[in-house]
Amino acid sequence: MSTFRFAKRLSTAVLFAVLACLTIPAKAEDNKAIVSAAFERWAAGGSNFFNEVLSPNVIWTIKGSEPSAGTYRGLNDLMTRAVRPLTARLSTPIRPTAKQIWADGDHVIVNWKGEATARDGKPYRNDYVWIMRMEQGRAVEVTAFLDLAAYDAVLRRMP
């Protein structure tokens, strides 16, 4: 192989490597921006976070050993079996009150605190960590960590 062809192939390989490195942070930043904007709208009084961020076919896994832990397949399953049972027992919507968001490639990690008032007048407070795998601007897989004792206490208090 001639020196010219070798140099040309090497420069092409280096260019592709540089471009690949440049697109990874952009993807992470895009994903972070999508989730951050949705959280900001939610904190300002919006209620469409799940429809904005989650894929209709999301696989949502709640980690833990309480009754509500498990895997929910699809947005409708998550809303029916996990979100609505809680929100139906609240007199105020859950609002994120503090959050940090990190992104790495296809993953966005959100650490946030939610507060609301239950229908019995008692506060509902919980700390959450959601790890989301994003595809085309939507979360397709989510692993959720939260205090399930606090969540399930609201469900038990008001059947």
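Up top is the structure these notes are about.
Since we're looking at a predicted model, the values are computed, not measured.

Observations regarding the overall build of the protein
Of regular secondary structure, the protein possesses four helices and six strands. Reading the protein from its N end, one meets helices and strands in the order α-α-β-β-α-β-β-β-β-α. The buried share of the protein, taken over its 159 residues, is 35%. If you sum the accessible surface of the protein, you get close to 9300 Å²; carbon and sulfur atoms cover 56% of it.

A look at the pairing of strand 6 (residues 138-146)
Residues in a regular strand project their side chains so that they alternate between the two faces of the sheet. Bridge count between strand 1 (residues 54-62) and strand 6: five bridges; the pairing is parallel. Its bridge partner being in strand 6, Trp-60 is matched across the sheet by Val-142. Here strand 5 (residues 123-135) runs beside strand 6; their pairing, made up of eight bridges, is antiparallel. Bridge pairing in strand 6 links Glu-135 to Arg-138.

About the thresholds
- Residues numbered from 1 in each chain as written.
- Predicted model: local features only at pLDDT ≥ 70, side-chain atom pairs only at ≥ 80, totals over all residues.
- Heavy atoms only, no water.
- Helix = DSSP H or I, 4+ residues; strand = E, 2+ residues; numbered from the N terminus.
- Buried < 20%, exposed > 50% of the residue type's maximum accessible area, 1.4 Å probe, protein only.
- Areas by Shrake-Rupley, 256 points an atom, 1.4 Å probe, with all protein chains shown as cover.
- Pairing = 2+ DSSP bridges.

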